[in-house]
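Spelled out, the chains give:
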Amino acid sequence: MTEVATRAQAFGLIAAGVATGLSAPWRLYLARGCRYLCFNVGDRAEWNAWRAHLGCPELSVRVYDADGEIRRASVAEVVLGGCRISVELVEEVRTDDIDRLLTDDPTSFESEET
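What comes next concerns the included structure. All values reported here derive from a predicted model rather than from experimental measurement.

Topic: the packing of aromatic side chains
Thought 1: A complete count under the given rule lists 2 aromatic pairs for this structure.
Thought 2: Each ring, one from Phe39 and one from Trp50, has its centre 4.9 Å from the other, and the planes form 70°; the classification is edge-to-face. Taken together, the positions of Phe39 in strand E2 (residues 36–40) and Trp50 in helix H2 (residues 44–54) put the pair 11 residues apart, joining distant regions of the chain.
Thought 3: Exposure remark for Phe39: the relative accessible area of 0% places this residue in the buried category.
Thought 4: Among the residues examined, Trp50 registers a relative accessible area of 0% and is labelled buried.

Looking at the side chain of Glu46
Thought 1: By the element assignment, Glu46 lies in helix H2.
Thought 2: Buried and without a salt bridge, Glu46 has Arg44 as its closest oppositely charged side chain, separated by 11 Å.
Thought 3: When sequence neighbours within four positions are dropped, the list of residues in contact with Glu46 reads Ser23 and Val41.

A word on the pairing of strand E4 (residues 69–80)
Thought 1: Both strand E3 (residues 58–66) and E4 contribute to a ladder of 9 bridges, which runs antiparallel. When the sheet's bridge partners are listed, Glu58 is paired in E4 with Glu77.
Thought 2: Linking E3 back to E4 in an antiparallel pair, the connection comprises 2 residues, with Asp67 at a positive phi of about 55°.
Thought 3: Between the end of E4 and the start of strand E5 (residues 83–93), which pair antiparallel, lie 2 residues, with Gly81 showing a positive phi angle near 55°.

Considerations on the nonpolar core
Within soluble globular proteins, side chains that are nonpolar generally end up buried alongside one another.
Thought 1: Counting 21 residues, the largest nonpolar core has Leu37, Phe39, Val41, Trp50, Leu54, Ile85 and Val87 as its most contacted members.
Thought 2: Put simply, the parts of the chain that give this core at least two residues each are helix H1 (7–19), E2, H2, E4 and E5.
Thought 3: A total of 4 residues in this core trace back to one element, the largest contributor, which is E5.
Thought 4: Those residues in contact with Phe39 that lie beyond four places of it in its chain are Ile14, Pro25, Arg27, Leu28, Trp50, Leu54, Ile85, Ser86, Val87 and Glu88.

Quick word on H2
Thought 1: Of all the residues in H2, the buried ones are Glu46, Trp47, Trp50 and Leu54. Buried residues of H2 fall within an arc of 100° about the axis and therefore sit on the same side. Residues Ala45 and Ala52 are exposed on H2 and point more than 90 degrees away from its buried face.
Thought 2: Buried residues in H2 make contact with H1, E2, E3, E4 and E5.
Thought 3: N-capping of H2 is provided by Asp43, with a side-chain oxygen placed 3.2 Å from the backbone N of Ala45.
Thought 4: Looking one or two residues beyond H2, the residue adopting positive phi is Gly55, at roughly 70°.

Thresholds applied
Residues numbered from 1 in each chain as written. Predicted model: local features only at pLDDT ≥ 70, side-chain atom pairs only at ≥ 80, totals over all residues. Heavy atoms only, no water. Phe/Tyr/Trp six-rings, centres within 6.5 Å; stacked < 30°, edge-to-face > 60°. Helix = DSSP H or I, 4+ residues; strand = E, 2+ residues; numbered from the N terminus. Buried < 20%, exposed > 50% of the residue type's maximum accessible area, 1.4 Å probe, protein only. Lys, Arg positive; Asp, Glu negative; His and termini not counted. Salt bridge = Lys/Arg side-chain N within 4 Å of Asp/Glu carboxyl O. Contact = heavy atoms within 4.5 Å. Pairing = 2+ DSSP bridges. Core = buried A, V, L, I, M, F, W, Y, C linked by side-chain atoms within 4.5 Å. Arc of directions from axis to C-beta. Polar contact = N/O pair within 3.5 Å; in protein donor to acceptor, adjacent residues only side chain to side chain.

Following this line, the structure appears as structure tokens:
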């Protein structure tokens, strides 16, 4: 699909992805005028599948604190037919995940996994 000018085309884009075997998004936001379509998926595998399906060249990751819980928002975007399409995944990040990122010796946590 190269154009997203109507609501039907936007929902058709999602339906086409689901028809190919992708998981249906759990939340969908379509801005008035079909200039922005955003949908959320449930896990990293779904996010990777949708971004590959849509050919999203723009990726961003944001980490933030939400009422004492650390969350990571991964966003993949593409513009099709004048419509910016975003695929989002929000995950909770445990503090030990962050501690592992700050470790000077990356081999120290490899032994923990085995």
